[in-house]
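Structural features, examined
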Amino acid sequence: MKSLSSLLPPVCACCAWLLMTLAGGGDACAQAPQEETQNRMVAKVNGAPILVSDLKQVAAAQAQVIRQQFADDPTKLEKEMAAVKLNALDTLIDCQLLADEFYKLGGVMQPEFLEQDLTQIIQMAFRGNREAFMADLAKNGMALEKFRELRERMIIMNVMRARIAGTVKVTEEEVREHYEKNLRRWSGPEMVKLHTVTISKTTADARSVAESVHTKLVAGGDFAEIARKSSADSHAARGGEWKWIYLSDLTGTVSEVVLSTKKGEISEVIEQLDAYIIVRVDDRQEGEPKPFESVKAEVAKSLMEEVSKERIEKRLIQLRAAADIQRMGAE
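Below: a short report on this structure. Model, not experiment: these values are computed from the prediction. (Residues numbered from 1 in each chain as written. Predicted model: local features only at pLDDT ≥ 70, side-chain atom pairs only at ≥ 80, totals over all residues. Heavy atoms only, no water.)

**Regarding the overall build of the chain**
Counting its secondary structure elements, the chain contains 13 helices and 7 strands. A buried classification covers 41% of the 331 residues belonging to the chain. Contacts in the chain between residues far apart in sequence, at least 24 positions, make up 72% of those at least 6 positions apart. Summed over all atoms, the accessible surface of the chain reaches about 18,700 Å², with 51% contributed by carbon and sulfur. (Helix = DSSP H or I, 4+ residues; strand = E, 2+ residues; numbered from the N terminus. Buried < 20%, exposed > 50% of the residue type's maximum accessible area, 1.4 Å probe, protein only. Contact = heavy atoms within 4.5 Å. Areas by Shrake-Rupley, 256 points an atom, 1.4 Å probe, with all protein chains shown as cover.)

Put into structure tokens, the structure is as follows:
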């Protein structure tokens, strides 16, 4: 049986938590704060309250996605989790602003449309078994009316974002300019040549050891000698030397760090799930750009997406400026 989160169309970030709850958020419901805490307001948008419970649900769902996405990349995980805490309230405020705009423009969500939407979800996710759907709601502590309310909100967000973005048309000249400005996107994979030192987290005081090794390397220590003595990876016997490798074959944070490290430089200490890694970038080869005609459709789609995002953000800036937004502070 497919999870609900795999069946619904893309939604704004503030509403995605609904599906995450149904896909496995039962524990979060069981550990929810007391009712009076849940009902405390953290903000008002044109008089509409945003509650602690709303904020926690949004942050929890986004955090769940991020934990899955960056499970093997502690450094990236920490940064992304910090961003969730900072941005959750702003995200909820923007969602309320878009909902207000929908109703101001005379938007109406017909009950029969929501019923059709619900029927489709039950058909696709639960093979038409309404009892199984209701049991899943109950298991996760969500009433049917709450599900309908949140599903309605998700649909409204999609409608408003599509309305604001409108029909985007781009000329071939604009597409070519976008291609030229972002050649790296349309190039073959870059290759790099590296040396690494890997300190396993099973080592006593592993972080301190890694920092000490890093200090020696930055001070001019012999990388190959230090790698042979201290490194725990499969390249240690060769003094930490790697053959040419595609940048895209490296893991998330390592790839990002290598991308921003100049030829001949030594990286910061990179934390991974089970080790600390230090990289020296010895050489790099840029990938050859793909011919414009071969990626023209892809470039046009990228440009249209950028234009749509810009239009939506511009309208949100206007809505924020015109709205009565009161922040009471989040926990």
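Here the narrative resumes, following the displayed structure.
**Brief notes about empty space enclosed by the protein**
If you walk through the whole model with that rule in mind, you get 1 cavity of 30 Å³ or more. Reported here for the largest cavity is a volume of approximately 40 Å³. The wall of the largest cavity is formed by L114, D117, L118, F147, R148 and R151. Residue assignment for the lining of the largest cavity shows that the elements contributing at least two residues are α6 (111-126) and α8 (144-165). Grouping the amino acids of the lining of the largest cavity by side-chain chemistry returns 3 nonpolar, no polar and 3 charged. (1 Å grid on protein atoms, 1.4 Å probe; cavity = no way out; pocket = protein on both sides within 12 Å on 5 of 7 lines; lining within 4 Å. Points joined across faces, edges and corners; volume = space filled by probe spheres on them. Nonpolar A, V, L, I, M, F, W, Y, C, P; charged D, E, K, R; others polar.)

**Some details on the pairing of strand β2 (residues 48-51)**
Sheet analysis places strand β1 (residues 41-45) next to β2, joined by 4 bridges and oriented antiparallel. Bridge pairing in β2 links A43 to I50. Connecting the antiparallel pair β1 and β2 is a turn made up of 2 residues, with N46 showing a positive phi of about 50°. (Pairing = 2+ DSSP bridges.)

**Examining the sheet that holds strand β7 (residues 325-327)**
Strands pair in a sheet through their backbones, by hydrogen bonds, and they do so in one of two ways: parallel or antiparallel. Strands sit in the order β2-β1-β7 across an open sheet of 3 strands; the sheet is antiparallel. The sheet terminates laterally at β2 and β7, the two strands that pair on one side only. On average, each strand axis in the sheet is tilted by 20° relative to the strand beside it, whichever way the strands run. Where β1 meets β7, 3 bridges bridge the pair, whose relative direction is antiparallel. Each residue of the ladder has a partner; that of A43, found in β7, is R327. On the sheet, helix α5 (residues 74-104) packs against β1, β2 and β7 and is oriented at approximately 35° with respect to β1. (Axes fitted to C-alpha atoms, helices over the stretch in contact; angles between N-to-C directions.)

**A look at the pattern of salt bridges**
Summed over the entire model, instances satisfying the criterion amount to 20 salt bridges. D90 is the salt-bridge partner of R327, the closest N and O atoms lying 2.7 Å from each other. Highlighted residues: R327 in strand β7 and D90 in helix α5, separated in sequence by 237 residues. Here E115 and R148 are joined by a salt bridge, their closest N and O atoms 2.8 Å apart. (Salt bridge = Lys/Arg side-chain N within 4 Å of Asp/Glu carboxyl O.)

**Things to note about the packing of α8 against helix α13 (residues 292-322)**
Two quantities define a packed helix pair, namely the angle between the axes and the distance from one axis to the other. Contact geometry for α8 and α13: axes closest at 8 Å, N-to-C directions at 105°. Judged on the interaxial angle alone, α13 and α8 are roughly perpendicular. Across the interface between the two elements, R161, I164 and A165 from α8 touch S308, R311, I312 and R315 from α13. Residue composition of the contact of α8 with α13, by class: 3 nonpolar, 1 polar and 3 charged. (Parallel < 35°, antiparallel > 145°, perpendicular 65-115°, else oblique.)

**Thoughts on the side chain of Q96**
Relative to the elements of secondary structure, Q96 occurs in helix α5. The class for Q96 is buried, based on a relative accessible area of 15%.

**Things to note about the sheet that holds strand β6 (residues 275-285)**
Pairing is antiparallel in the open sheet, where 4 strands are placed in the order β4-β3-β6-β5. Here the strands that pair on one side only, and so sit at the sheet edges, are β4 (245-246) and β5 (270-271). Note: β5 against β6, 2 bridges, orientation antiparallel. In the strand pairing of β6, I270 is matched with I277.

**Describing the nonpolar core**
I50, L89 and L98 are the most contacted members of the largest nonpolar core, which has 28 residues in total. Put simply, the parts of the chain that give this core at least two residues each are β1, α4 (52-69), α5, α8 and α13. With 9 residues, α5 is the single largest residue contributor to this core. With sequence-adjacent residues up to four places away left out, I50 is seen in contact with R40, M41, V42, A43, V45, L89, L92 and I93. (Core = buried A, V, L, I, M, F, W, Y, C linked by side-chain atoms within 4.5 Å.)

**Some remarks on the environment of A232**
Here A232 shows up in the loop between α11 (223-230) and β4. A residue is classified by how much of its surface remains accessible, and A232, at 52% relative accessible area, is exposed. Sequence spacing of A232 and T196 is 36 residues, and the spatial spacing of their C-alpha atoms is 9.8 Å. If we skip the residues at most four places from it in the chain, A232 touches T198 and S200.

**Here's the deal with the packing of α6 against helix α7 (residues 130-139)**
Where α6 contacts α7, the axes come no closer than 9 Å and their chain directions differ by 95°. In terms of axis orientation, α6 runs roughly perpendicular to α7. Residues E115, L118, I122 and F126 of α6 form the contact with α7, whose own contacting residues are R130, A132, F133 and D136. Looking at the contact of α6 with α7 residue by residue, the class counts come to 5 nonpolar, no polar and 3 charged.

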